[in-house]
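# Structural characterization, general
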Amino acid sequence: MPFDFDTPIERRNSGSMKWDLYTGQDILPMWVADMDFRTAPAIIDALQGVVEHGVFGYASHPSELAEVVALMLKRKYGWHIETDWIVWIPGVVPGLSAACRTVGKRGDQVVTNSPIYHHFLHVAQQAGRELVDVPLHSIDGRWSYDIEAIERAITPKTGMIMLCSPHNPVGTCFSRDELKELIDLCKSRNIIICSDEIHCDLILDEEKSHTPTAMAEPGYADRTITLMATSKTFNIAGINCSFAIIPDENLRRAFTNNARMVMPGVTSMAFAAAMAAFRDSDDWLQALLGYLRGNRDYLEREIRDIPGLSMPHVEATYLAWINTRELGVENTQQLFEAHGVGPSGGAQFGDGDYVRLNFGCPRSTLVQAVTRMKDAVSRFNQGAFRI
């Protein structure tokens, strides 16, 4: 069945956080991680069914949904889980917050690895923990964990490490070996791993595959908290349906108790959307992945030809991590905004020499954005524009 990702959807004046940021300005929003595509038809149909029912009370998850998730994980990743390992939550960020409150005590340390999705840099302190940031390192243009640096940073107060896998914003799809090396280190120090895998279905390199962190070393799965969601894959971030997979009963109970303190329940519409996403929307997802690969390939070719810009190959996600250091602009986000493109500034992820650009949009929008970026750089290099 063909799906239309080319036709732009008018999102101005629709209550879109992404588009409303630049209300009244001719700026293409390429920042927050939601795509400019209609979601899968099966999801739209499921939501319409809930609306037609007309009752929107407190919801409990359908037992069938947990079974669908378990079957999906087995089919895609070979991961065998029990349905009672699943804890339904409204979002991955609240899940990170609950995990920080669950592990250890106030003053204990939580390790993460910048550049990283900006909430990772705040949830530990909000939970009364100390954040220890051990930056990723780039080898031949590919970002991965600096295991030796992480080992040096670990202290007796280190209770947990928070991972983002696949990684936002650098786009790495970590291999089983990379994850296992990190897990072996955690195992030697009895450190719990919380793994945000919200982008796990958005693997763009066809020769690569996602490995759930809990599968990389099955003997350590009981010390893991895995966070997944429908939001990025199916472009339904506003629906708010996520889940944690926690094999250990005691850890799961503590997480559930802490989750209730910091988040509301999941709604009937969210459960219906998740069911339709996991059970009925794989054909849409495969078409989406093909389209995103085309966008990724176009963007990588074009960025290579813009003086002062470079970007690592995007193995996963629909987010480009663009290096602007050689351009010599103090604030590249402002430069691009002044020329009609609105990426995310890199400082919020931990590195101000970059911008993050969302290419989950119609190809025509991306072409227009790249044209404007080229004009911005050209005018700056000619001395015709100053911040």
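Attention in this report is confined to the structure presented alongside it.

How each quantity is defined
Residues numbered from 1 in each chain as written. Predicted model: local features only at pLDDT ≥ 70, side-chain atom pairs only at ≥ 80, totals over all residues. Heavy atoms only, no water. Axes fitted to C-alpha atoms, helices over the stretch in contact; angles between N-to-C directions. Helix = DSSP H or I, 4+ residues; strand = E, 2+ residues; numbered from the N terminus. Parallel < 35°, antiparallel > 145°, perpendicular 65-115°, else oblique. Left-handed = near helix turned anticlockwise from the far one by under 90°. Contact = heavy atoms within 4.5 Å. Nonpolar A, V, L, I, M, F, W, Y, C, P; charged D, E, K, R; others polar. Buried < 20%, exposed > 50% of the residue type's maximum accessible area, 1.4 Å probe, protein only. 1 Å grid on protein atoms, 1.4 Å probe; cavity = no way out; pocket = protein on both sides within 12 Å on 5 of 7 lines; lining within 4 Å. Points joined across faces, edges and corners; volume = space filled by probe spheres on them.

### Considerations on the packing of helix 12 (residues 282-304) against helix 14 (residues 363-381)
Look at helix 12 against helix 14: their axes get within 11 Å of each other, and the N-to-C directions meet at 15°. On the basis of their axis angle, the class for helix 12 and helix 14 is roughly parallel. Between helix 12 and helix 14 lies a crossing of right-handed hand. Contacts from Tyr291, Gly294, Asn295, Tyr298, Leu299, Glu302 and Ile303 of helix 12 reach helix 14 at Arg363, Leu366, Val367, Val370, Met373 and Lys374. A per-class count over the contact of helix 12 with helix 14 returns eight nonpolar, two polar and three charged.

### As for unusual backbone geometry
Of note, the amide linkage connecting Ser165 to Pro166 takes the cis form, showing an omega dihedral of -5°. Tracing the backbone shows Pro166 in the loop between strand 7 (158-164) and helix 7 (176-189). Here the residue pair Asn168 and Pro169 is connected by a cis peptide bond, since its omega of 20° sits within 30 degrees of zero. Among the secondary structure elements, Pro169 is positioned in the loop between strand 7 and helix 7. The phi angle at Asn240 is positive, at roughly 65°, despite the residue not being glycine. As for its placement among the helices and strands, Asn240 is situated in the loop between helix 9 (231-234) and strand 10 (242-245). Residue Asn240 is classed as partly exposed on the basis of its relative accessible area of 40%.

### Describing the layout of surface pockets
Estimates place the volume of the largest pocket at around 950 Å³. Along the walls of the largest pocket sit 42 residues, with Ala33, Asp34, Lys232, Ala237 and Gly238 positioned nearest its centre. Mapped onto the lining of the largest pocket, the elements with two or more residues apiece are helix 4 (92-102) and helix 9. Here the lining of the largest pocket is composed, by residue class, of 19 nonpolar, 16 polar and seven charged. Approximately 490 Å³ is the volume found for the second largest pocket. Taken together, 24 residues line the second largest pocket, and the ones lying closest to its centre are Ala59, Trp88, Pro264, Gly265 and Val266. Secondary structure elements with two or more residues in the lining of the second largest pocket: strand 2 (86-89), helix 10 (249-262) and helix 11 (268-280). Residues of the lining of the second largest pocket, tallied by class, amount to 14 nonpolar, seven polar and three charged.

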